[in-house]
Amino acid sequence: MLPSCLTSFVLEAGCDEAGRGCLAGPVCAAAVILPDGFTHPLLNDSKKLSEARREQLRPVIESEAVAWAVAWASAQEIDEMNILNASILAMHRALDLLSVRPGEIVVDGNRFKPYGDIPYRTIVKGDGKLGNIAAASILAKTHRDELMVRVAREYPGYGWEINKGYPTAAHRQAISSLGLTPYHRSTFKWQGE
């Protein structure tokens, strides 16, 4: 069982993103403040959960959280500033949207940029260590997957409803035959190079 956060006396926002390794679509970030002592037997890193489990947990997180928000950085922003900076931008945007100001921020990974004067910590593999980061990973993943299924109807043939924009062989083949869309990241290596 993952602890909900590192501290019990400060409102702590967990942040994570989804879609860094994709060839298409935005990067999505979430910020989640869980109630002190919140636990759920299934809560874990979104990558360790099935799609069904993530979808099962999403409404629980959204209804039980003290505050949560999801935000994006577009494919164009990723191309302009690189995926790391775009991921951090999306996290900052998610923090901007929280209805409650956190006293501390914990971020999955090892890179972040200061967000105002709020102290932060980066935690490698934090989505498997802290409930608030795991919850953020689940919201970022489910919201991004939902968007990619929606835009797959706008641009059929790329299999986004299945691959969600990740670099599968079928997605690469579709790019070769159909070309790039406005959702593709033009600076990413989309061929098998």
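Here, the structure is the one placed above.
My aim in this report is to walk through the structure given alongside it, one point at a time. Computed from a prediction, not measured in an experiment: that's the story for all the values here.

### Notes on the overall build of the protein
Turning to step 1, where the next piece is worked out: Looking only at helices and strands, the protein features six helices and five strands.
Turning to step 2, where the next piece is worked out: Listed by position from the N terminus, the elements making up the protein come as β-β-α-β-α-α-β-β-α-α-α.
Turning to step 3, where the next piece is worked out: Its C-alpha atoms give the protein a radius of gyration of 17 Å, near enough to 16 Å, the size a compact globule of 193 residues would have.
Turning to step 4, where the next piece is worked out: The proportion of buried residues among the 193 residues of the protein is 52%.
Turning to step 5, where the next piece is worked out: Summarising the internal contacts of the protein: among those between residues at least 6 apart in sequence, 66% fall at separations of at least 24.
Turning to step 6, where the next piece is worked out: Of the roughly 8900 Å² that the protein leaves accessible, carbon and sulfur atoms contribute 53%.
Turning to step 7, where the next piece is worked out: Computing the positive centroid from 21 side-chain charges and the negative centroid from 22, the protein places the two 5 Å apart.

### Overview of the state of the cysteines
Turning to step 1, where the next piece is worked out: A complete count under the given rule lists zero disulfides for this structure.
Turning to step 2, where the next piece is worked out: Note on Cys-22: no disulfide assigned, nearest cysteine sulfur contributed by Cys-28 at a separation of 11 Å.
Turning to step 3, where the next piece is worked out: On the basis of relative accessibility, which here comes to 0%, the residue Cys-22 falls in the buried class.

### With respect to the pattern of salt bridges
Turning to step 1, where the next piece is worked out: This model, assessed by the stated rule, comprises eight salt bridges.
Turning to step 2, where the next piece is worked out: Note that Asp-117 and Arg-101 form a salt bridge whose closest N and O atoms lie 2.6 Å from each other. Pair noted here: Asp-117 is in the loop between strand S4 (104–108) and strand S5 (120–123) and Arg-101 is in the loop between helix H3 (83–97) and S4, with a separation of 16 residues, a long-range link. Here Asp-117 matches Arg-101 in class, with each residue exposed.

### Here we look at unusual backbone geometry
Turning to step 1, where the next piece is worked out: Positive phi, close to 85°, is recorded for Asn-82, a residue that is not glycine.
Turning to step 2, where the next piece is worked out: When you line up the elements, Asn-82 lands in the loop between helix H2 (75–81) and H3.
Turning to step 3, where the next piece is worked out: Of note, Lys-125 is a non-glycine position whose phi angle comes to about 60°, a positive value.
Turning to step 4, where the next piece is worked out: In this structure Lys-125 comes out as exposed when scored by relative accessible area, which is 64%.

How each quantity is defined
Residues numbered from 1 in each chain as written. Predicted model: local features only at pLDDT ≥ 70, side-chain atom pairs only at ≥ 80, totals over all residues. Heavy atoms only, no water. Helix = DSSP H or I, 4+ residues; strand = E, 2+ residues; numbered from the N terminus. Rg over C-alpha atoms; globule rule 2.2 N^0.38 Å. Buried < 20%, exposed > 50% of the residue type's maximum accessible area, 1.4 Å probe, protein only. Contact = heavy atoms within 4.5 Å. Areas by Shrake-Rupley, 256 points an atom, 1.4 Å probe, with all protein chains shown as cover. Lys, Arg positive; Asp, Glu negative; His and termini not counted. Charge placed at Lys NZ, Arg CZ, Asp CG, Glu CD. Disulfide = S-S within 2.5 Å. Salt bridge = Lys/Arg side-chain N within 4 Å of Asp/Glu carboxyl O.

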